[in-house]
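Chain residues, written in single-letter form:
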Amino acid sequence: MIKPQELSRCFAMLMVLAACSSPTNTDGVRLRLEVESSVQVVDSIAVRAVVTNSTGRQLAIGSESSPPIVNVEVRRSDGRLVWNRVPPTAMIGGPPTTVRLVPEQEWVIPVVWRLVDDTGLRVQPGEYTMRAVLRLDGSQVRSQDARVVVTPS
């Protein structure tokens, strides 16, 4: 298991930007996923979902009635959903809130996948795909997929 104090060092050594090509861009809101490319089955994966405001104006994400929701999905190589960062109805940061970003400002959402599925069982070694999804004003902004290889311990 990666200790919290080692996360930044691990990012520096193992980080692969999922956006090998340019990240998804919907109306100037970009979302990318930063994730380690390979881990052993006994480790955790430190992930960062990064929302960037490239609209050229101040951006408000979420409201009192519609909080900002960023979901990180993990899928097996056959496409079956294995794990969600948050259930589809959950929200980041507790009670409803609004995240305000000035132009080119980033909002970073740290996530740790403990290499378990949604039922809490340890995943098998193999190839997985991770994706971040931001729900924004009734639509979704998606990151590029990130390939993660879980190796045997």
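The notes below deal with the structure included here. (Residues numbered from 1 in each chain as written. Predicted model: local features only at pLDDT ≥ 70, side-chain atom pairs only at ≥ 80, totals over all residues. Heavy atoms only, no water.)

## Here we look at the environment of Val42
Checked against the element boundaries, Val42 lands in the loop between strand 4 (38–40) and strand 5 (45–53). The partly exposed category is assigned to Val42, whose relative accessible area is 43%. Along the sequence, Val42 and Leu115 sit 73 residues apart, while their C-alpha atoms lie 7.8 Å from each other. (Helix = DSSP H or I, 4+ residues; strand = E, 2+ residues; numbered from the N terminus. Buried < 20%, exposed > 50% of the residue type's maximum accessible area, 1.4 Å probe, protein only.)

## A few points about the packing of aromatic side chains
For the structure on display, the rule yields two aromatic pairs. Taking 6.2 Å as the distance between ring centres and 35° as the angle between the ring planes, the aromatic pair formed by Trp83 and Trp113 counts as tilted. Separated by 30 residues along the polypeptide, Trp83 in strand 8 (residues 81–84) and Trp113 in strand 10 (residues 106–113) bring together distant segments of the chain. On the basis of relative accessibility, which here comes to 11%, the residue Trp83 falls in the buried class. Since its relative accessible area comes to 0%, Trp113 is described here as buried. Pairwise contacts between aromatic rings join Trp83, Trp113 and Tyr128 into one cluster. (Phe/Tyr/Trp six-rings, centres within 6.5 Å; stacked < 30°, edge-to-face > 60°.)

## What about unusual backbone geometry?
Most peptide bonds are trans, and most residues other than glycine sit at a negative phi. A positive phi angle, close to 70°, is found at Glu104, a residue other than glycine. A positive phi angle, close to 60°, is found at Leu115, a residue other than glycine. Considering the arrangement of structural elements, one finds Leu115 in the loop between strand 10 and strand 11 (126–136). Looking at Leu115, the relative accessible area reads 0%, which means it is buried.

## Quick look at the nonpolar core
With 33 residues, the main nonpolar core has Val51, Ile61, Trp107, Trp113, Met130 and Leu134 as its most contacted residues. Excluding its chain neighbours within four sequence positions, the residues that come into contact with Met130 are Leu33, Val35, Val47, Val72, Glu73, Val74, Trp113, Gln144, Asp145, Ala146 and Val148. (Core = buried A, V, L, I, M, F, W, Y, C linked by side-chain atoms within 4.5 Å. Contact = heavy atoms within 4.5 Å.)

## Observations regarding the pattern of salt bridges
Pairing is possible between side chains of opposite charge, provided their charged atoms come close. Scanning the model with the defined rule gives eight salt bridges in all. One salt bridge in this structure joins Asp78 and Arg76, with 2.4 Å as the shortest N-O distance. Here Arg76 falls in the partly exposed class, since its relative accessible area comes to 31%. Within this structure, Arg32, Glu34, Arg48 and Glu106 form a network of salt bridges that share partners. (Salt bridge = Lys/Arg side-chain N within 4 Å of Asp/Glu carboxyl O.)

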